[in-house]
Amino acid sequence: MAYPHSTYTTARALTYSYIHIPPRFPNTQYILFLHGFPSTSHDWRHQISFFVAKGYGILAPDLLGFGETSKPSELEMYRGEGMARDIVEIMVLEGVGVVVGVAHDWGSFLLSRLANYHPERFSAYAFIDHGYIAPGNSLTTAVIQHINSSVQANLGFSIFGYFLFFNEEDAPKLLDEHSESVESLFFTTDNEINKKYKGAPGGFRTWLTEGKTADLPAYLTSEDHKHYQHAFSFEKGGYGPATNWYRASLRNINKEDEKKIPTPAHTLTHPTLLIASTSYFITVTINFPEQMRPLVPDLKVENVNGGHWLQLEKADEVNKILEEFMEEKRLV
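Residues numbered from 1 in each chain as written. Predicted model: local features only at pLDDT ≥ 70, side-chain atom pairs only at ≥ 80, totals over all residues. Heavy atoms only, no water.

- Per an unreviewed UniProt entry, the protein carries the name AB hydrolase-1 domain-containing protein and comes from Cudoniella acicularis.
- What the UniProt record of the protein gives under Sequence similarities (unreviewed entry) is the line "Belongs to the AB hydrolase superfamily. Epoxide hydrolase family." (UniProt positions renumbered as here; feature names shortened; annotations may be inferred.)

Following this line, the structure appears as structure tokens:
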């Protein structure tokens, strides 16, 4: 089911498109869904239909640079502090008080900063196949190169080669010219393809310039494919704006903002759930539970047998885990 979108222009003069569905009953929990790359709020369709039927309130924006939301080209607009403020403004506008934050991929970075800057707006956090990112831990170019070298030396493959590609001048043009190649690489469940063309430095460029494609997984319908291709079409602004999330990290534009976050605010003080893939080569290599535990005292980890897009591939299982987590923590 397609849900109607509302729009709001923030104090930063950015127009956000978002799904807002009030809860069926007063004092019922809201859930804030934050998607990743390359996607839109459409990623959450299975979760939205499930939780709306249960009476929950929903807030699911197209994030900055994606979907029907503004797509500024200026890198500074993608600072975490500013984007977190944008989301809180939408919450205030819609009368949404406290939420359970649910995030995937780059949405996890934004949920992390919302947790640091605005913890009073949350009752709990749920991260899907990407963990909490503490302030001062940006994946800069130097950090990415170090991780790639270390993993290559120890395991015989790299994991973040594609990050470096996004920092190259002609990346947006190549992405726009080979949209079906982008979609198939980001959604494939074939780890050998992922390692060779996503993980290895230079692999993503080869994948695009040679026009390679992989079979799309069964959980993506033809309608999903049409939505994806439309959302990142040249007419809609292409991939360039969305890749600013990568560039912002690689170029460390949040460094000064994050220095100002008090050390106690680095620790998550609300119940936190991590739903982790057991099959996606990057997630398994990074080991998010180990990374998160020092700063997340109330952490529950649920492993799901699937790839990176668990909310799509294993929607029923993810929905059940989220519901049980909220019931267990009395967040209903």
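## Quick word on the pairing of strand β2 (residues 15–21)
Here is step 1 of the chain: With respect to burial, β2 is a largely interior element, six of its seven residues being buried.
Here is step 2 of the chain: As judged from the four bridges shared by strand β1 (residues 6–9) and β2, these two strands associate in the antiparallel manner. Bridge assignment links Ser-6 to a residue of β2, and that residue is Tyr-18.
Here is step 3 of the chain: What sits between the antiparallel neighbours β1 and β2 is a turn of five residues, in which Ala-13 has the positive phi angle 65°. (Buried < 20%, exposed > 50% of the residue type's maximum accessible area, 1.4 Å probe, protein only. Helix = DSSP H or I, 4+ residues; strand = E, 2+ residues; numbered from the N terminus. Pairing = 2+ DSSP bridges.)

## Comments concerning the UniProt feature "domain: AB hydrolase-1" (unreviewed entry) in the protein
Here is step 1 of the chain: In the numbering used here, UniProt assigns the feature "domain: AB hydrolase-1" (unreviewed entry) to residues 31–315.
Here is step 2 of the chain: Helix makes up 44% of residues 31–315 and strand makes up 12%, while its end C-alpha atoms are separated by 16 Å.

## Considering the environment of Gly-95
Here is step 1 of the chain: In this fold, Gly-95 is placed in the loop between α2 (80–93) and β5 (99–104).
Here is step 2 of the chain: Each C-alpha atom of the pair Gly-95 and Phe-165 lies 41 Å from the other, and the pair is 70 residues apart in sequence.

## A word on the environment of Trp-106
Here is step 1 of the chain: Turning to its location among the elements, Trp-106 is positioned in helix α3 (residues 106–117).
Here is step 2 of the chain: Taking the relative accessible area as the measure of exposure, Trp-106 reaches 9% and is therefore buried.
Here is step 3 of the chain: Counting along the chain gives 47 residues from Trp-106 to Leu-59, while the straight-line C-alpha distance between them is 17 Å.
Here is step 4 of the chain: Excluding residues within four positions of it along the chain, Trp-106 makes contact with His-35, Gly-36, Phe-37, Phe-163, Trp-245, Tyr-246 and Ser-249. (Contact = heavy atoms within 4.5 Å.)

## Some words on the side chain of Thr-243
Here is step 1 of the chain: In this structure, Thr-243 sits in the loop between α10 (222–231) and α11 (244–250).
Here is step 2 of the chain: Residue Thr-243 is classed as buried on the basis of its relative accessible area of 0%.
Here is step 3 of the chain: Among residues more than four places away in sequence, those in contact with Thr-243 are Phe-37, Phe-166, Pro-172 and Leu-175.

## Considering the pattern of salt bridges
Here is step 1 of the chain: Tallied over the full model, the rule gives 17 salt bridges.
Here is step 2 of the chain: Note that Glu-68 and Lys-236 form a salt bridge whose closest N and O atoms lie 3.1 Å from each other. On the criterion of sequence distance, the pair formed by Glu-68 in the loop between β4 (57–61) and α2 and Lys-236 in the loop between α10 and α11 is long-range, its members being 168 residues apart.
Here is step 3 of the chain: With a closest N to O distance of 2.7 Å, Asp-170 and Arg-205 form a salt bridge. (Salt bridge = Lys/Arg side-chain N within 4 Å of Asp/Glu carboxyl O.)

## Some words on the packing of α2 against α3
Here is step 1 of the chain: Running from amino to carboxyl end, α2 crosses α3 at an angle of 80°, the nearest separation of the two axes being 9 Å. Overall, the two elements α2 and α3 adopt an arrangement that is roughly perpendicular. Of the residues in α3, those in contact with Gly-80, Glu-81, Met-83, Ala-84, Ile-87 and Val-88 of α2 are Phe-109, Leu-110, Arg-113, Leu-114 and Tyr-117.
Here is step 2 of the chain: Residue classes in the contact of α2 with α3 are distributed as eight nonpolar, one polar and two charged. (Axes fitted to C-alpha atoms, helices over the stretch in contact; angles between N-to-C directions. Parallel < 35°, antiparallel > 145°, perpendicular 65-115°, else oblique. Nonpolar A, V, L, I, M, F, W, Y, C, P; charged D, E, K, R; others polar.)

## Some points on the packing of aromatic side chains
Here is step 1 of the chain: Scanning the model with the defined rule gives 36 aromatic pairs in all.
Here is step 2 of the chain: Consider the rings of Phe-122 and Tyr-125, whose centres lie 5.3 Å apart with planes at 40°: the pair is tilted.
Here is step 3 of the chain: A relative accessible area of 2% places Phe-122 in the buried class.
Here is step 4 of the chain: According to the relative accessible area criterion, Tyr-125 is buried, its value standing at 1%.
Here is step 5 of the chain: Ring centres 5.9 Å apart and planes at 85° place the aromatic pair Tyr-162 and Phe-186 in the edge-to-face group. Linking Tyr-162 in helix α5 (residues 161–166) with Phe-186 in helix α7 (residues 179–187), this pair joins segments that are 24 residues apart in sequence. The pair formed by Tyr-162 and Phe-186 is uniform in burial state, with each residue classed as buried.
Here is step 6 of the chain: Lying across the ring of Phe-157, Lys-195 places its NZ or CZ 4.4 Å from the centre.
Here is step 7 of the chain: Taking the ring centre of Tyr-162 as reference, the NZ or CZ of Lys-198 above it sits at 5.0 Å. (Phe/Tyr/Trp six-rings, centres within 6.5 Å; stacked < 30°, edge-to-face > 60°. Lys NZ or Arg CZ within 6 Å of the ring centre and 35° of its normal.)

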